[in-house]
Amino acid sequence: MSAASPLDAPDAPPKRTRRLRLAAWAPVIVLMVLCAIIAVVNPNFLTFGNFVRITQTAAIPLVLGIGATFIILMGSIDLSVEGILTCSAVVLSMLVLNGANSNDLGILGALIVLAIGGLIGLVNGLIHVRLRIPSFMTTLGTWFIGVGVANALLGGMAIRITDPVIRGLAVERFLGFPWGVWIAALALIVAVVIQNHTRFGRYLFAIGGGEDLAVLSGIPVARVRITAFALAGVFYALGGILVAAQLGLGNAQIGTGRLFTTVTAVVVGGTSLMGGEGGVLRTLVGVLIVVVLSNGMVLMGVPSSVQIGVQGLMIIAAVASSIDRSKLRVVK
Amino acid sequence: MASFLRHIASDRVRQWLPLATLILLIVIVGTLEPVFLQPATLLDLAGDTAVLFILASGVTFVIMLGGIDLSLQSMASLSSVIVALTLPRLGYAAFPAAIAAGALAGLLAGLAHTRLRIPSFIATLAMGGVLASTALVSSGERSITLGADDRGYLGWITGTLAGIPNVVIIGLVVLVVAHILQAHTRFGRYSAAIGAGEPATYASGVKVNRQKVIAFVLSGGFAALAGIILTGRLASGSPTLAAEMLLPAIAAVVVGGTAITGGVGSIWRTLVGALIISVVRIGMTFLGVNIFAQNIVFGAVLVLAVAITIDRSKIPIVK
Amino acid sequence: MSAPDAVLALVDVTKTFPGVKALKGVSIDVRPGEIVGLVGENGAGKSTLMKILSGVYQPDGGQIVVGDKPVRLTSAAEANALGIAMVFQEQSLLTNLTVGENVYLGNEAQFTRFGIVDWRRLYAAAARQLAKVALDVDPRNRAEDLDFASRQMVEIAKALTLEEVAGHLVILLDEPTSVLERAEIDVLFSRVRALKDRASFIFVSHRLDEVLELSDRVYVMKDGAVVAEMPAAEADIPKLHQAMVGRSLQAEYYRESLQRPPGTEIRLEARGLGLTGAYRDIDFTLRAGEILGIAGVIGSGREELTRTLAGFAPHDAGTLTVNGSPVRFANPAQAVDSGVGYIPRERRVEGLVLFLPVSANITLPDLGRLSRWGLIDGAEEKRIARDWVTRLKVRTPGIDALCLNLSGGNQQKVVLAKWLNAKARILILDHPTRGLDVGAKEEVYELVRTVSAEGVAVLLTSDTLEETIGLSHTVLVMRDGTITHRTDASPGHKPAQVDLIPHMV
């Protein structure tokens, strides 16, 4: 088998490998082409101001997408993005300095919210793993529970956030970028470290690549799955904090449409819904594609309500072009 | 907890659990609030359940063969927009037009699912986005109130027949049609077979993809019909009219005892499930629970019902 | 019973599944540095035994002894900790991970500090493991970029990482050669031999020549028991075969007296049939009332040919004609429309919808005939189902019972009933007696004879050569995707197995 090195063995497909690498770069190419086209049509696209605007728009979907990427890498799905995000934003607005009650927990409030997000995610994971309920069903339930809790807390009202630190995330800038962008960047770095440099990160890929084989290799699959859902919850909660900071308020409608953008970004970036392929850096590319496209559409005067439809078509195109159909016997 | 659920699930009791739950709930709510048991209130309940039941019947076809349709609330909303926009020009033809649009959307979702082999939850999630966008753009992102002239076309929805609200009768017609489709036609049998064992059904020469597409077409058509009835009851169409109906509809199917894994279920169970959801909702209203916060209960009920009805032997790896 | 110096011993192990006694008191021992061969026909209990050793199943009775201590193996991890490692026939590496990650999958703790994995150290260690098996591959390559033989070596390298925790190892090789070329097999064998000072091996294979070539000692299993044990030096293929089959051939077992000469009408004909990567230049005719058996080992192309005829894998060369008209089955529905019925190997997956009642399964391929104005005639359906249950003597609580609750033999009768009800004129039998006990097998043979006598054309692939020869009128032998031999097998002219084997391997 030194003789049967990958290059000359009949079963070793070096061509396929190269194509795979090319496929991995496809989203990046799409992003660059997209930028080029928009820049030609509207030179304003290339200004520093617009660049800051794009990063600012991308920050929240990126944080949400990172959380969802961990789940999708395992071949599962998390539909509870909006539930956890909304719940977090509303709770945050009630804990920090606000226009409705006398709380003033500041940063501590934000930390509590991250813990709550992690807790809801933990519940997702426990229900999914312990009761053996498919993740899309479990998280469909928590999606609505989360939004319901937000509604129960507010009863359809909105709470204005007056806490200067929280507001500052969106308003104050460092080196020209709002603090929210820096936080998202930090979240990305943390996520890359988790994904590439910890056992947990490797196990996500192993589970997505073949859960039965992962079990045989002694990987604690149940624990990894539960941890992943909890971790995703923390990222959604961080997204909730950033959303609340950006809008300066918390209400129960604050998450509407976020799930859609998140799933679009993850799959457009090239993370496979089957699991085992992809990663948070690809999600960064996916987020940028979605954000640049909508930024370009705004610059060209397309109504924003069209965007959700465009994203729907992008999901179908991205998933359809990435699924290895030969592997699937039954698609449900 | 898991072993308790297994006990319920493995028992023959499971089959009668939904009906028993329904009766128990009616008794509880009736005891707390005797008004509930008066014929007028019960007819109101039936009327309120009709829309939910129609939505749930459509998605029952999809769930029976092991798929899911997450686009039905967007479709129902779009249908209301279509009716509200075209009623002045088309008159009664607006209704079949809306249903045709629903069937078309179902067809596209079904083709995306079967031809492109995209999992149904993602295909219909994406289709839901396209439909929502269409509804928002065509309505100008606002709700459209119907004028007095147009309301004349809505009598078949809002009227009564021998004291019974027409919506209830429409619901019954849907029940009969859906029951026949599901229990007495080849499509219904094939659906159950696909849900219970797709490879064997395929190997037996059944055109599996065709049955799946039919199920999505029916789901889209039924969702559109539900949207029409909502339009009639509210005398307006809106791109977010049915936004809160996805969860109750799926919950109704699952609570009724149809397994999310497919193969096991019936329209009757969906009827029982829809009634349970309605009674719970009324009960919560009596208790003064915020209408939006009711989602907490529905979400929990959904997860619990899935836990009880799911057939774990069919899914060696739960993703 | 077990040898005193054994590193691993099974003592009187039994395992029962609902309806089947899979292991009836099996005793096996493995000595240090020994390669033990394990052979037996499908259903003899080899795979159950492997699963018990790798902690997937737990035995109902008997003992597993590692070193000199009785142990319980309740998971793969426990088996690993005791130095028992499994190398599967294929696809047990995660192809989306790198070779190095696969080697240490689940054992990264030693390279982890403060939660961060030191990949450089891990890859260096993986390279050392690969060197043990003399595999010259960069551990940073993805596993999917390797050929099958190299993947097998990676698996062995992975198994050898257990040395650090468990000392002397026992490595289970489960059909490791089934996807390999001959040259690759030679390399694999030499590497395995070279590792004998580090580990003992249990080598499971259906290729008797390879077992004899590699093993020091051979166990033969049959019907859940060890029926022979001999040093490989004293064994030869006929001897092993005799032990595996275990009985002199009784003509009546296969109901040969019921075998009628086939008709003249050609039902199915293949001319130059081919499917890229699977088989090529296949010619045969199948007449009404004829049973055509196809013999061949895994990889001979006969399984793929069967799938083509059943509509799962359309051919891409040559012609296929059914009753004189050319066909190309794009899906099973088209095959069914042409009068082809498929009795699959995976009876519980593709044969029956287990969660539907007997009646619905029987009528599934032919519901159209039962429908009037789009509605299924329920009374007629019940009548038909009862009729078939009576005619085929299906033992079931009723036609409303779920197929799930039927025994294997009765399930197979329901599969047959559904095709007879659909008036299939060509039956593709893909390992029709797999997993059935002897009594059920005989009933299936009798039914096959009956339908054959009624003019149904049958194409058969089987688990055993004996069954293929016993049932068929004509036997085709395939090897490497082509037909290498064809022979008459009418009663009185049945060929001997030893005459066919040279054409198979």
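All of the points below concern the structure found in this document. Nothing here was measured: the structure is a model prediction, and the numbers come from that model.

What follows concerns unusual backbone geometry. With a phi angle near 55°, Asp 12 of chain C is a residue other than glycine that sits in the positive phi range. Structurally, Asp 12 of chain C is set in strand β1 (residues 8-17).

Attention shifts here to the interface of chain A and chain B. Facing the 52 residues of chain A at the interface are 52 residues of chain B. In this assembly, chain A packs against chain B so that about 4400 Å² is buried in total across both faces, 74% of it on carbon and sulfur atoms. In this assembly, chain A and chain B are joined by zero salt bridges. Put simply, chain A and chain B have four residue pairs in polar contact (both at pLDDT 80 or more) between them.

The next point concerns the packing of helix α12 (residues 280-299) of chain A against helix α13 (residues 305-322) of chain A. All names here are of chain A. Running from N to C, α12 and α13 cross one another at 145°; their axes reach a closest spacing of 11 Å. Pair α12 / α13 crosses with right-handed handedness. Residue-level inspection shows Ile 289, Val 290, Leu 293, Ser 294, Met 297 and Val 298 of α12 in contact with α13, the latter providing Val 306, Gln 307, Val 310, Gln 311 and Met 314. Along the lines of polarity and charge, the residues of the contact of α12 with α13 split into eight nonpolar, three polar and no charged.

The next subject is the packing of helix α3 (residues 39-64) of chain B against helix α9 (residues 166-184) of chain B. All names here are of chain B. Where α3 contacts α9, the two axes come as close as 8 Å, and the packing angle between them is 25°. Classified by the interaxial angle, the pair formed by α3 and α9 is roughly parallel. Where α3 crosses over α9, the two elements pack in a sense that is left-handed. Seen from α3, the contacting residues are Leu 43, Ala 46, Gly 47, Ala 50, Phe 53, Ile 54, Ser 57, Phe 61 and Met 64; seen from α9, they are Val 167, Val 168, Ile 170, Gly 171, Val 174, Leu 175, Ala 178, Leu 181 and Gln 182. Tallied by class, the residues present in the contact of α3 with α9 amount to 14 nonpolar, four polar and no charged.

This next bit is on the side chain of Asn 96 of chain C. One can find Asn 96 of chain C in the loop between β6 (84-87) and α3 (99-103). Under the relative-accessibility criterion, Asn 96 of chain C is labelled buried at 10%. Polar contacts involving the side chain of Asn 96 of chain C include one to the main-chain carbonyl oxygen of Phe 205 of chain A, which spans 3.1 Å. Excluding residues that lie within four positions of it along the chain, Asn 96 of chain C makes contacts with Phe 205, Gly 209, Gly 276 and Glu 277 of chain A together with Arg 142 of chain C.

This part is about the interface of chain C and chain B. Each side of the interface is counted separately: chain C has 26 residues, and chain B has 22 residues. When the two sides are added together, the surface that chain C and chain B hide from each other amounts to roughly 1900 Å², 67% of it contributed by carbon and sulfur. The largest share of the area that chain C buries against chain B comes from Phe 355, Leu 364 and Ile 376 of chain C, three residues that together contribute 28% of it. Remark: the boundary between chain C and chain B carries one salt bridge. Here Glu 381 of chain C ties to Arg 189 of chain B by a salt bridge, and the two come within 2.6 Å at their closest N and O atoms. At the junction of chain C and chain B, the tally comes to four residue pairs in polar contact (both at pLDDT 80 or more). Contributions of two or more residues to the side of chain C that touches chain B are made by α11 (332-337), α12 (347-351), α13 (358-363), α14 (367-370), β20 (375-376) and α16 (408-421) of chain C. Among the elements that take part in the side of chain C that touches chain B, α11 of chain C stands out by supplying four residues, more than any other.

Our focus in this paragraph is helix α7 (residues 179-197) of chain A. Residue and element names in this part refer to chain A. Under the 1.5 Å per step criterion, the end-to-end length of α7 is 26 Å for 19 residues, consistent within 8% with the ideal 27 Å. Here α7 has its buried residues at Gly 180, Val 181, Ala 184, Ala 187, Leu 188, Ala 191, Val 192, Ile 194 and Gln 195. Seen end-on, α7 carries its buried residues on one side only, within an arc spanning 165°. Residues of α7 that are exposed and point more than 90 degrees away from the buried face comprise Leu 186 and Ile 189. Against α2 (48-73), α6 (164-171), β3 (177-178), α8 (199-209), α10 (221-247) and α12 lie the buried residues of α7.

Rules of the game
- Every chain's residues receive numbers from 1 upward, in the order its sequence appears when written.
- Chain labels run from A onward and ligand labels from 1 onward, assigned in the order the entries are written.
- Residue-level local features of this predicted model are given only where pLDDT is at least 70; pairs of side-chain atoms are given and counted only at 80 or more, and the full residue set underlies all totals for whole chains, interfaces and linings.
- Based on all heavy atoms of the structure, the side-chain values leave hydrogens and waters out of the count.
- Every helix listed is a DSSP run of H or I at least four residues long, and every strand listed is a run of E at least two residues long, numbered separately from the N terminus.
- Whether two residues are in contact is decided by their heavy atoms: any pair within 4.5 Å suffices.
- The quantity reported as buried area is the accessible area (1.4 Å probe) lost by two parts once they are put together, taken as the sum for both.
- What counts as a salt bridge is simple: a side-chain nitrogen of Lys or Arg found within 4 Å of a carboxyl oxygen of Asp or Glu.
- Here a polar contact is taken to be a pair of N or O atoms separated by no more than 3.5 Å, where protein atoms must pair a possible hydrogen donor with a possible acceptor and residues adjacent in sequence count only if both atoms sit in side chains.
- Axis definition: a line fit to C-alpha positions, over the contact stretch in the case of helices; interaxial angles, taken between N-to-C directions, run 0 to 180 degrees.
- Here is the rule for handedness: rotate from the far helix to the near one, and if that takes an anticlockwise turn smaller than a right angle the crossing is left-handed, while a clockwise turn gives right-handed.
- Amino acids are sorted into nonpolar (Ala, Val, Leu, Ile, Met, Phe, Trp, Tyr, Cys and Pro), charged (Asp, Glu, Lys and Arg) and polar (every other residue, Gly among them).
- Here roughly perpendicular refers to angles of 65 to 115 degrees, roughly parallel to angles under 35, roughly antiparallel to angles over 145, and oblique to all remaining angles.
- Residue exposure (1.4 Å probe, protein chains only): buried if accessible area is under 20% of the type maximum, exposed if over 50%, otherwise partly exposed.
- Given the number of residues in a helix, its expected span is that number minus one, multiplied by 1.5 Å.
- Taking the helix axis as origin, the arc is that swept by the directions to the C-beta atoms.

Treat this as a map of the structure, not an account of what it does.
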